[in-house]
Amino acid sequence: MKFDGVLFFPVTPFTAQGAIDVELLKEHISSRLPFGPGGVFPACGTGEFHALSIEEVRTVVTAAVEIVAGKVPVVAGAGGPLGHAIAAARAAEEAGADALLVLPPYLVTGPTDGLVAYIEAVADASSLPVIVYHRGNAKFTAASMARLAANPKVIGFKDGLGDVGLAQEIVSAVRATGREDFAFFNGLLTAELTQGAYRGLGIPLYSSAAFAMAPEIAKAYYDAYTAGDEERRNALLEGFYAPLVRLRDQTPGFGVSLIKAGLRLGGLPVGSVRPPLVDPTEEQLVQLKAILARGYELAGR
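Reading guide: rules and limits
Residues numbered from 1 in each chain as written. Predicted model: local features only at pLDDT ≥ 70, side-chain atom pairs only at ≥ 80, totals over all residues. Heavy atoms only, no water. UniProt positions renumbered as here; feature names shortened; annotations may be inferred. 1 Å grid on protein atoms, 1.4 Å probe; cavity = no way out; pocket = protein on both sides within 12 Å on 5 of 7 lines; lining within 4 Å. Buried < 20%, exposed > 50% of the residue type's maximum accessible area, 1.4 Å probe, protein only. Contact = heavy atoms within 4.5 Å. Polar contact = N/O pair within 3.5 Å; in protein donor to acceptor, adjacent residues only side chain to side chain. Helix = DSSP H or I, 4+ residues; strand = E, 2+ residues; numbered from the N terminus. Salt bridge = Lys/Arg side-chain N within 4 Å of Asp/Glu carboxyl O. Axes fitted to C-alpha atoms, helices over the stretch in contact; angles between N-to-C directions. Parallel < 35°, antiparallel > 145°, perpendicular 65-115°, else oblique. Left-handed = near helix turned anticlockwise from the far one by under 90°. Nonpolar A, V, L, I, M, F, W, Y, C, P; charged D, E, K, R; others polar. Expected span 1.5 Å × (residues − 1). Arc of directions from axis to C-beta. Points joined across faces, edges and corners; volume = space filled by probe spheres on them. Phe/Tyr/Trp six-rings, centres within 6.5 Å; stacked < 30°, edge-to-face > 60°. Lys NZ or Arg CZ within 6 Å of the ring centre and 35° of its normal.

Once that is clear, we can look at the UniProt feature "active site" (unreviewed entry) in the chain. This chain's UniProt record puts "active site" (unreviewed entry) on Tyr-133 and Lys-158. For the annotated residues, spread through 26 residues, the largest C-alpha to C-alpha distance comes to 4.8 Å, consistent with a single compact locus. Checked against the lining of the largest pocket, the annotated residues just named reduce to Tyr-133 and Lys-158. Looking at Tyr-133, the relative accessible area reads 5%, which means it is buried. Residue contacts for Tyr-133: discarding those within four places in its chain leaves Leu-101, Val-102, Leu-103, Pro-104, Ala-138, Phe-140, Lys-158, Gly-160 and Gly-187. A distance of 3.0 Å separates a polar atom in the side chain of Tyr-133 from a polar atom in the side chain of Arg-135.

Have a look at this one:
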């Protein structure tokens, strides 16, 4: 499976009554496809997987598969309690997804052998290949990732931990297995801010929540990144991404909340986030609006 472009993590729009707005979700995804995402990842972190029921996961993934229509891979989220993760994997397969992003298990911290078994159990639940999400209580070692890479159904590794030394060890260990089809992703929050460093580790791909909110800005960054235009890339980092990260860090969970707020500011009524996340204050919305305006200016819109 090949990923070529910014990895797009759509939000999950909710109505005022709290239900999934399927038509708005389809509009959200279809409006971003012209900007050339390398893959679409519905019902994952930015899509509030933590707050979705299995039937809602099925609804979200079905809508994404319909709109993407085979143009790029659709990778659905599966994780949390093992039973929930297995059910999500099966629902995603039935909905027509191409692969799974396996998010961390719920709450508990087990030994590495247990984490490997968790990934294998989710992989065994469907015919879909899986990408391992290295984050939170799902912390893998180089040896455990080499072990998982021996399974052809495990096709990728997404680093959301930020330990660059460990990430380098994992990249090297997986490469030593001879896997040439294995994909490595930078999955840190607002990954553009760290992607220059991750590229040096041999991790060329990255997820972009900003692409869901402002694809013009995210595409401008990606184009500068792939072209080696460091002057433009750094201008976007300093003028847009760094201020966005400072605002994001004011409140836990804002990695999702600000994206939905930015979409609302842009005229797409995607609704609020579900608990335990919270929406930005009016003062924070004013800051976000100014950051977006500067980003669009730098992107040449």
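Below, the discussion takes up unusual backbone geometry. Of note, the amide linkage connecting Pro-275 to Pro-276 takes the cis form, showing an omega dihedral of 15 degrees. Residue placement: Pro-276 occurs in the loop between helix H11 (254-265) and helix H12 (282-299). Residues other than glycine seldom take positive phi values, yet Ala-43 does so here, at roughly 55 degrees. On the secondary structure map, Ala-43 appears in the loop between strand S2 (39-40) and helix H2 (54-68). A residue is classified by how much of its surface remains accessible, and Ala-43, at 0% relative accessible area, is buried.

In the UniProt entry, the feature "binding site: pyruvate" (unreviewed entry) is given for Thr-46. The class for Thr-46 is buried, based on a relative accessible area of 9%. Residue contacts for Thr-46: discarding those within four places in its chain leaves Phe-9, Pro-10, Val-11, Thr-12, Ala-209, Val-256 and Ile-259.

With that settled, consider the pattern of salt bridges. Per the stated rule, a full pass over the model turns up 14 salt bridges. Asp-113 is paired through a salt bridge with Arg-147; the nearest N and O atoms lie 3.0 Å apart. In this pair, Asp-113 sits in helix H4 (residues 112-124) while Arg-147 sits in helix H5 (residues 142-149), placing the two residues 34 residues apart along the sequence. Residue classification places Asp-113 among the exposed residues on the basis of a relative accessible area of 52%. Each of Glu-23, Lys-26 and Glu-66 takes part in one network of salt bridges that share partners.

Now for helix H1 (residues 22-32). For H1, the full list of buried residues reads Leu-24, Leu-25, Lys-26, His-28, Ile-29 and Arg-32. For H1, the elements touching its buried residues are strand S1 (7-8), H2, helix H8 (209-213), helix H9 (215-227) and H11.

On to the packing of H4 against H5. Their axes nearest at 10 Å, the elements H4 and H5 cross at an angle of 25 degrees. Classified by the angle between their axes, H4 and H5 sit roughly parallel to one another. As for how H4 packs across H5, the hand of that crossing is right-handed. Across from Thr-112, Asp-113, Val-116, Ile-119 and Glu-120 in H4, the residues of H5 making contact are Ser-144, Arg-147 and Leu-148. Residues belonging to the contact of H4 with H5 are distributed by class as follows: three nonpolar, two polar and three charged.

Right, let's talk about H4 for a bit. Taking 1.5 Å of rise per residue, the 13 residues of H4 would be expected to cover 18 Å, and the 18 Å separating its terminal C-alpha atoms lies within 8% of that figure. Residues Leu-115, Val-116, Tyr-118, Ile-119, Val-122 and Ala-123 constitute the buried set of H4. All buried residues of H4 fall inside an arc of 155 degrees around its axis, so they share one side. Along H4, the residues that are exposed and aim more than 90 degrees away from the buried face are Asp-113 and Asp-124. Where H4 is buried, its residues touch strand S3 (75-78), helix H3 (82-95), strand S4 (99-102), strand S5 (130-134), H5 and strand S6 (154-159).

This paragraph deals with the layout of surface pockets. Rolling a probe over the atoms, with the probe sized like a water molecule, indicates the empty space that remains. The computed volume of the largest pocket comes to approximately 1,000 Å³. Lining the largest pocket we find 44 residues, and of these Gly-45, His-50, Leu-103, Arg-135 and Val-256 sit closest to its centre. Contributing elements (two or more residues each) for the lining of the largest pocket: strand S8 (205-208), H8, helix H10 (230-248) and H11. The element best represented in the lining of the largest pocket is H11, accounting for five residues.

Our next topic: the packing of aromatic side chains. With the rule as written, the count across this model stands at 14 aromatic pairs. Ring centres 5.2 Å apart and planes at 55 degrees place the aromatic pair Phe-8 and Phe-211 in the tilted group. Residue Phe-8 is found in strand S1, and its partner Phe-211 is found in helix H8; the two are separated by 203 residues along the sequence. When its relative accessible area of 0% is taken as the criterion, Phe-8 is described as buried. Among the aromatic residues, those joined into a cluster by ring pairs are Tyr-206, Tyr-221, Tyr-222, Tyr-225, Phe-240 and Tyr-241. Across the ring face of Tyr-133, the terminal group of Lys-158 is positioned such that the distance to the ring centre comes to 4.4 Å.

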